[in-house]
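One-letter residues, chain by chain:
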Amino acid sequence: MEKARPLWANPLQFVFACISYAVGLGNVWRFPYLCQMYGGGSFLVPYVIMLIVEGMPLLYLELAVGQRMRQGSIGAWRTISPYLGGVGLASVVVSFFLSTYYNIINAWAFWYLFHSFQDPLPWSVCPLNGNRTGYNEECETASSTQYFWYRKTLNIAPSIQDSGGVQWEQALCLILAWLVVYLCILRGTESTGKLEQLANPKAWINAATQIFFSLGLGFGSLIAFASYNQPSTNCQKHAIIVSLVNSSTSIFASIVTFSIYGFKATFNYESCLNKVILLLTNSFDLEDGFLTASNLEQVKGYLASAFPSRYSEVLPQMKNCSLESELATAVQGTGLSFIVYTEAIKNMAASQLWSVLYFFMLLMLGIGSMLGNTAAILTPLTDSKLISSHLPKEAISGLVCLVNCAIGLVFTTEAGNYWFDIFNDYAATLPLLLIVLVEIIAVCYVFGLRRFESDLKAMTGRTLNWYWKAMWAGVSPLLIISLFVFYLSDYILTGTLQYQAWDASQGQLVTKDYPLYALAVIGLLVAASTMCIPLVALGTFIVRCLKRGDTAPMA
Amino acid sequence: ISHVLVCNVTQRVSFWFVVTDPSKNHTLPAVEVQSAIRMNRNRINSAFFLNDQTLEFLKIPSTLAPPSDPSVPIWIIIFGVIFCIVIVAVMLLILSGIRQRRRMSKGPTEVDDSEDKCENTITIENGIPCDPLDTKGGHINDAFLTEDERLTPL
C-alpha cells in the first residue's frame with residue numbers, strides 16, 4: 001500500500017504558504033523601483049493588465065498541474081509526457097541556483113538586525129580616521145550608510161577578480177540563515193504554511209517580467225505546494241487570491257517606499273543646504289544666522305558680485321542642492337533595502353525600533369520565499385523512491401541545506417556581492433521564461449487541453465472557465481515568446497556584459513567589464529537549466545529506442 | 001584677560017588672538033598655544049557653553065570622540081542567543097522525529113517482545129508482578145492509536 005502523501009491541514013494553510021512564497025523581497029525593492037522609472041501611477045496600467053492576462057492564468061496552471069499530478073515538478077511533468085521530465089529537472093536546477101544565492105540576503109538582514117540594538121545605529125556615524133582628527137576618508141566621500149554597507153558588511157573588493165577570503169561574520173550569519181530555513185522545512189509540509197502577519201513598450205515588458213517573477217512561476221515551488229492539496233481543492237479561487245494578494249502587497253510596499261523616499265530626499269536636501277550655508281558663513285566671515293535657506297540664492301548672487309575672486313575659490317566645494325535630484329535617485333535591489341532605507345531610518349526618532357522592525361520584516365519575506373524554493377527542490381527528491389528509501393526526510397533536508405550553505409559561502413567573500421549580482425541577474429531570468437513556455441505548451445498541446453480540462457472537472461467538480469482556456473492556449477504563450485525574444489535580442493545587442501563595482505577612493509559605483517571566466521559562469525548558469533529540457537527528452541528517446549530494439553525480436 | 005590681545009574683529013563672532021607671557025614680555029609661539037588649546041578644548045568650550053561644532057579654532061582640528069567600542073561587539077551576543085535557540089529547536093525536532101519513527105517501527109514487534117519477556121520474568125523471577133507488561137501494554141495501545149491516525153487520511 002502506497003504511503004499517504006502528506007496534506008495541508010486546511011486550504012488556508014496552503015494559501016498562506018503560496019502567499020508567503022510569492023510575496024518576497026521583489027515586492028519591496030523591485031516593484032517601487034519600476035513604478036518610479038516608468039511614470040509612477042501609470043505603471044499600474046500595464047502591471048494590472050499583465051497580471052490578468054499572464055500572471056493569474058499561469059499561476060492557476062501551475063497550481064492545477066500540481067494538484068492533478070500530486071507530485072513534485074519532475075514527477076508531474078514526466079506524467080504528462082515522459083519526454084518532458086527535463087522541464088521538472090530544469091525547474092529544480094533553477095530553484096537550486098536561486099536558493100544558493102537568495103539566502104545570503106537573509107544573512108545580510110540578520111547582520112543588520114543584530115546591529116540594530118545599538119545606540120547610535122552603526123550606519124548613522126562614520127568611524128574616525130587614524131589620528132582621530134576627522135572621519136574615515138571612504139566614509140566622508142560616500143555616506144555613512146553606504147560605508148557601512150560596502151565596507152563593514154560586504155568588505156567589498158574593487159573588482160570581481162580580487163576575491164579575498166571568506167568574511168567570517170557574513171559566513172556566520174549565512175549559517176544561521178540556513179539553520180532557520182532547515183528548522184522550518186525539517187518537518188515538511190506541515191511546517192511551511194504558518195500564518196504570516198503579508199507607453200512605452202519597456203514599461204509593458206517590465207510589467208510582464210515583474211508579474212512573472214514576482215509570482216514565482218516556473219520554479220516548481222507552486223507545483224510542489226499544490227501537490228500536497230486535497231484533489232478537490234478549488235485551486236482556481238486560490239490562484240486568484242494569491243495573485244491579488246501579491247499585487248496588492250507590491251502596491252502597498254511602493255506607497256511606503258515612496259513616502260520613505262520623500263522623507264530621505266527632504267532630509268538630505270536640508271542637510272545639503274546647511275552644509276552650503278556653513279561653508280559660505282565660514283569663508284566670508286558672515287554673521288551667524290545671516291544666511292538662511294530662504295535668502296541663500298540672493299546672498300550667493302551678492303557674494304559673487306562683491307567678492308568674485310574668493311567666491312570662485314569656494315564655488316567648486318559648493319554642492320548644488322536640489323530636491324528633484326534627491327527624489328530622482330531611484331535605486332533597486334540590495335541598494336534600496338540596505339542603503340536607502342537605512343539612511344531614512346537613521347534619521348527617524350526611535351530609530352532602533354524602526355530598524356529592528358524593518359529588518360525583521362525583510363527576514364520574514366526572505367525566509368518565506370526560501371521555504372518555497374527549498375520545497376521545490378525537496379519535493380522531487382522526497383518523491384523519488386530511490387532517495388527516500390535510503391535517507392529519512394530530515395537527512396535529505398539537512399543535506400540540501402548543507403550543500404547550499406557551502407556553495408553560498410562564495411557570496412561571503414570580498415568579491416561575493418559581484419557574484420551575487422551575476423546569479424541574481426542571470427540564473428533565473430532567461431531559463432524561467434523558457435521553462436514556463438514549455439510548461440504551457442506541454443499542458444495545452446502535448447497533454448491536451450481537453451484532457452486536462454476533464455481531469456480538472458473530475459478532480460474539483462468545477463468546469464473550466466473559457467477565459468482560462470483562451471489564455472492558456474493562445475495569449476500567454478504568445479506573450480512569453482515575445483518576452484523571450486525581447487530579452488535575447490537585448491542581451492545580444494548590448495554586447496559585452498558590464499557590472500557596477502564599488503570604488504573606495506571615489507566613494508561611488510563605477511562600471512567595469514566582466515572578465516572572461518565570469519562570462520563563462522554566466523553562460524553555464526543559463527545553459528545548466530535550459531539544456532536539461534532537450535537533453536532529458538533526447539535521453540528518454542534513446543532509452544525507448546533501445547528498449548524497442550530489445551523487445552522487437554521477442555515480439 | 002590682561003594678557004590676551006584681540007584684533008581683526010569681524011561681523012560674526014570671530015577674532016584673532018595672541019597670548020603674551022608677562023614674565024618674558026613676548027608672545028608665545030603659535031605651536032605651544034595650539035597644543036595647549038588642543039588639550040584643554042573641553043574647558044574652553046564649557047566656559048562659553050559651546051561645543052566643537054559652535055566654537056571653531058582655525059587650524060586646530062578637534063579631536064573627535066570615537067564611538068564606544070565594547071569589548072564584545074553587541075551583535076555577537078544577540079547572534080549567539082538566536083543561534084543557540086535555533087540549534088536547540090532543530091535538535092528537538094530531529095529527536096522527536098526519530099522517536100516517532102522508532103515507535104512506529106517497534107509497534108508490531110513490541111507485542112511479541114513483551115510477551116517473551118513476560119514469560120521470562122515469570123519463569124526466571126517467580127512472583128514478580130508484571131508491571132513491565134502493564135506499561136508495555138500502554139505502549140502498544142499508543143502505537144495502535146498512531147497507526148490509526150496514519151490510515152484515516154486515505
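Residues numbered from 1 in each chain as written. Chains lettered and ligands numbered in written order. Predicted model: local features only at pLDDT ≥ 70, side-chain atom pairs only at ≥ 80, totals over all residues. Heavy atoms only, no water.

> Where do I start with the overall build of chain A in this structure?
Helix and strand counts for chain A come out as 25 helices and two strands. Against the compact-globule benchmark of 24 Å for 555 residues, chain A has a radius of gyration of 27 Å, which places it among compact chains. Principal axes of the C-alpha set define a box for chain A whose edges measure 105 × 45 × 45 Å. Considering chain A as a whole, with its 555 residues, one finds that 53% of them fall into the buried category. Within the structure as shown, chain A displays about 23900 Å² of accessible surface, and the carbon and sulfur contribution to it stands at 64%. Averaged over its 30 positive side-chain charges, chain A has a centre that lies 16 Å from the centre of its 32 negative ones. (Helix = DSSP H or I, 4+ residues; strand = E, 2+ residues; numbered from the N terminus. Rg over C-alpha atoms; globule rule 2.2 N^0.38 Å. Buried < 20%, exposed > 50% of the residue type's maximum accessible area, 1.4 Å probe, protein only. Areas by Shrake-Rupley, 256 points an atom, 1.4 Å probe, with all protein chains shown as cover. Lys, Arg positive; Asp, Glu negative; His and termini not counted. Charge placed at Lys NZ, Arg CZ, Asp CG, Glu CD.)

> Please explain the UniProt feature "transmembrane region" (unreviewed entry) in chain B as it appears in this structure.
The UniProt record marks residues 72–95 of chain B with the feature "transmembrane region" (unreviewed entry), using the residue numbering of this structure. Regarding residues 72–95 of chain B, the helix share stands at 92% and the strand share at 0%, and the terminal C-alpha atoms are separated by 34 Å. (UniProt positions renumbered as here; feature names shortened; annotations may be inferred.)

> Can you help me understand the nonpolar core in this one?
Soluble globular proteins: nonpolar side chains tend toward being buried together. All names here are of chain A. With 164 residues, the main nonpolar core has Y60, L63, V65, W77, I422, F452 and W472 as its most contacted residues. At 19 residues, the largest contribution of residues to this core is made by helix α6 (residues 85–114). In contact with F452, not counting residues within four places along its chain, are L61, A64, V65, R68, V443, F447 and W472. One finds C272, L273, V276 and M318 within the second-largest nonpolar core, a separate group that totals 15 residues. (Core = buried A, V, L, I, M, F, W, Y, C linked by side-chain atoms within 4.5 Å. Contact = heavy atoms within 4.5 Å.)

> When you look at helix α14 (residues 296–306) of chain A in this model, what are you seeing that I'm missing?
Because an α-helix completes one turn every 3.6 residues, residues spaced three or four positions apart along the sequence face the same direction. All names here are of chain A. All buried positions along α14 are accounted for by L296, V299, K300 and L303. Seen along its axis, α14 keeps its buried residues to an arc of 105 degrees; they face one direction. Pointing more than 90 degrees away from the buried face of α14 are the exposed residues E297, Q298 and S305. Those residues of α14 that are buried are in contact with α13 (235–284) and α15 (308–314). (Arc of directions from axis to C-beta.)

> What is the right way to look at the packing of aromatic side chains in this model?
Ring pairs (aromatic) are described by centroid distance and by the angle formed between their planes. All chains considered together, the criterion is met by 48 aromatic pairs over all chains. Judged by centre distance (5.9 Å) and plane angle (75 degrees), the ring pair of F114(A) and F79(B) falls under edge-to-face. Within this pair, whereas F114(A) is found in helix α6, its partner F79(B) is found in helix α3 (residues 74–124), the two belonging to separate chains. Each member of the pair, F114(A) together with F79(B), is buried. Residues Y499(A) and Y514(A) carry aromatic rings whose centres are separated by 4.8 Å and whose planes lie at 15 degrees to one another, so their mutual orientation is stacked. Of the two residues, Y499(A) is situated in strand β1 (residues 498–503) and Y514(A) in the loop between β2 (508–513) and α24 (516–530); the sequence distance between them amounts to 15 residues. The same class applies to Y499(A) as to Y514(A), namely buried. Lying over the aromatic face of F307(A), R310(A) brings its terminal NZ or CZ to 5.9 Å of the ring centre. It is R451(A) that lies over the ring of F447(A); its NZ or CZ is 4.1 Å from the centre. (Phe/Tyr/Trp six-rings, centres within 6.5 Å; stacked < 30°, edge-to-face > 60°. Lys NZ or Arg CZ within 6 Å of the ring centre and 35° of its normal.)

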